[in-house]
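A look at the structure
Below are the chains, spelled out letter by letter.
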Amino acid sequence: MSRSMTGARMVVEALRDQGVDTVFGYPGGAVLPIYDEIFQQNDITHVLVRHEQGAVHMAEGYARSTGKPGVVLVTSGPGATNAVTGLTDALLDSIPLVVLSGQVPTFLIGTDGFQEADTVGITRPCTKHNWLVKDPAKLAETIHKGFHVATSGRPGPVLIDIPKDVQFATADYVGPKQIEPAKYQPARKGDIAAITRLVELIEQAERPILYTGGGVINSGPAASQLLRELADATGIPVTSTLMGLGAYPASGKNWIGMLGMHGLYEANLAMHDCDLMINLGARFDDRITGRIADFSPGSVKAHVDIDPSSINKVIRVDIPILGDVGHVLEDLLKVWKSRGRKVNTPALGKWWEKIEGWKSKNCLFFRNSDKIIKPQHAMQRLEALTKGHDRYITTEVGQHQMWAAQYLGFDEPNRWMTSGGLGTMGYGLPASIGVQMAHPEALVINVAGDASWLMNMQEMGTAVQFRLPVKQFILNNERLGMVRQWQQLLHGERYSQSWSDSLPDFVKLAEAFGCKGAQVRDPGDLDAAIQQMIDYDGPFILDVLVEKHENCFPMIPSGKPHNEMLLGEAETQGVIESQGAVLV
């Protein structure tokens, strides 16, 4: 039986039918009919943000920590354009989002009306797909299609632009089961012949490696479980991109750490020297490959990905397998077991000996201090004091982000939220709010830098309003740390605009927002300060004053191959130890 209703009511009905429980948004004239409908219902919680960019990052945090699509509601013109950075961030990191934007009435489109922007044109390059709905009879169907596109295949953001007169108009509502099956149906099962060929190579390989990415996590919990089974059964070492952390447990016996520009020495050398590289749901990003001509020159490369455009886009591979990582891993394990569970055990033993030799380099070594807090030490203590908790970590972007990836361990997927592809400063605070909305009882910590945190600091107002106990752990070096590091190492120590002058007092800022803040500068007080942050029942800003000119190592300089890494203090560690110094 059809139900006639306004377009605004259709929006709420469609969201309810899609199982949406939370919407992040900011009202404006072009979406007031929808907000009126939100006011008249109790099934969906609306989170009032302070900036539309913050709304999209909150939805990203929600989506990444739950596996469900995040939903955003913004008005026309500046409301929609403010969402563009978040949309681009979600597109690059494959995060499923549905963004609903208001638009001027259809009869004003193209007239430069008040708060009009060509939202569909502007967002076409930064969404999987977008729609301008001019017919109210097609509105509900379009929203259902939007959820399908956002969550099918390689996940990503979609945008639906809804003119104000369409929100007022009436038409018959259609539910998700009443529309025709979507034409967009990405392949999920991989080619069994290619999978069998890969199994044959696994049986023979002398130096194999599993190179895992965010696609493993996006595939769902079963894919992470299958990855663990494959790695533990075969004994193949596992490395991961920044986006894939947690797909294989950091405490697992085959884990050799994150790879890439600031990845571990042993992970990057293993990638360089392997003879079989099995890429599971990663996209050969430039932060991983370094100089392409010298990327893992002696390896046979297999690539499993659900996005056909990602295969052979950057690196030519020998065994392309188009399909969902979880389904491909399931078939791969079946074939491998049916053939007798064979691996090249003697060669694998020698491979692990080589990797252990690289590990002995202790690439994360740093000289600690009892006078000033080293950022690496701050991350070690944060890890030690929070590891037993039901913990989720978000980050801003910069040195602190890389230190968090290096020193924090993740044994489960969906616990690590960071901006990888776009590197969006200002991501972490709103993302932590989205995570906390989804997991109200969990410990949610945003690891931040002073400069990056200020990008979206206004969202502390959202945290306070909704009583969300997000913890803001700011490594404050009074610098644009990663910019300063590159200027020191690559630009002749010409520190152009990388000093943060006139920083606010973060403790007073916390008080101004109506939450709690503290500052710590003495290493001896660090544990107590972290514990105070954890124990406080509400939003908390901890301002950790750290060494101002500490560099983040290891580091592959831009344009260099994996085997040309800068190790910093780890390079001198052997000399120091040979002279009898014991440094913790």
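Calculation notes
- Residues numbered from 1 in each chain as written.
- Predicted model: local features only at pLDDT ≥ 70, side-chain atom pairs only at ≥ 80, totals over all residues.
- Heavy atoms only, no water.
- Axes fitted to C-alpha atoms, helices over the stretch in contact; angles between N-to-C directions.
- Helix = DSSP H or I, 4+ residues; strand = E, 2+ residues; numbered from the N terminus.
- Parallel < 35°, antiparallel > 145°, perpendicular 65-115°, else oblique.
- Left-handed = near helix turned anticlockwise from the far one by under 90°.
- Contact = heavy atoms within 4.5 Å.
- Nonpolar A, V, L, I, M, F, W, Y, C, P; charged D, E, K, R; others polar.
- Salt bridge = Lys/Arg side-chain N within 4 Å of Asp/Glu carboxyl O.
- Buried < 20%, exposed > 50% of the residue type's maximum accessible area, 1.4 Å probe, protein only.
- Pairing = 2+ DSSP bridges.

At a closest axis distance of 8 Å, the pairing of helix 12 (residues 265–273) and helix 15 (residues 345–359) adopts a crossing angle of 140°. Taken together, the axis directions place helix 12 and helix 15 in an arrangement best described as oblique. Here helix 12 and helix 15 pass one another in a crossing that is right-handed. Here Tyr265, Glu266, Leu269, Ala270 and Asp273 of helix 12 lie close against helix 15, whose contacting residues are Trp351, Lys354, Ile355, Trp358 and Lys359. Of the residues assigned to the contact of helix 12 with helix 15, the class counts are 6 nonpolar, no polar and 4 charged.

Attention shifts here to the pattern of salt bridges. By the definition in use, this model includes 27 salt bridges. One salt bridge connects arginine 283 with aspartate 285, and the closest N-O pair in it is separated by 3.6 Å. Under the relative-accessibility criterion, aspartate 285 is labelled buried at 18%. Via salt bridges that share partners, Arg3, Arg9, Glu13, Arg16 and Asp43 belong to a single interconnected network.

This brings us to the pairing of strand 4 (residues 70–74). For strand 4, the buried fraction is high: 5 of the 5 residues fall into the buried class. Alternating positions in strand 4 separate into two faces, Gly70, Val72 and Val74 on one and Val71 and Leu73 on the other, with burial throughout. Examined bridge by bridge, strand 2 (residues 22–25) and strand 4 share 2 bridges and lie parallel to one another. Following the sheet pairing, phenylalanine 24 is matched in strand 4 by valine 72. Pairing analysis gives 5 bridges linking strand 4 to strand 5 (residues 97–103), with the strands arranged parallel. Among the inter-strand pairings, valine 74 is bridged to a residue of strand 5, identified as serine 101.

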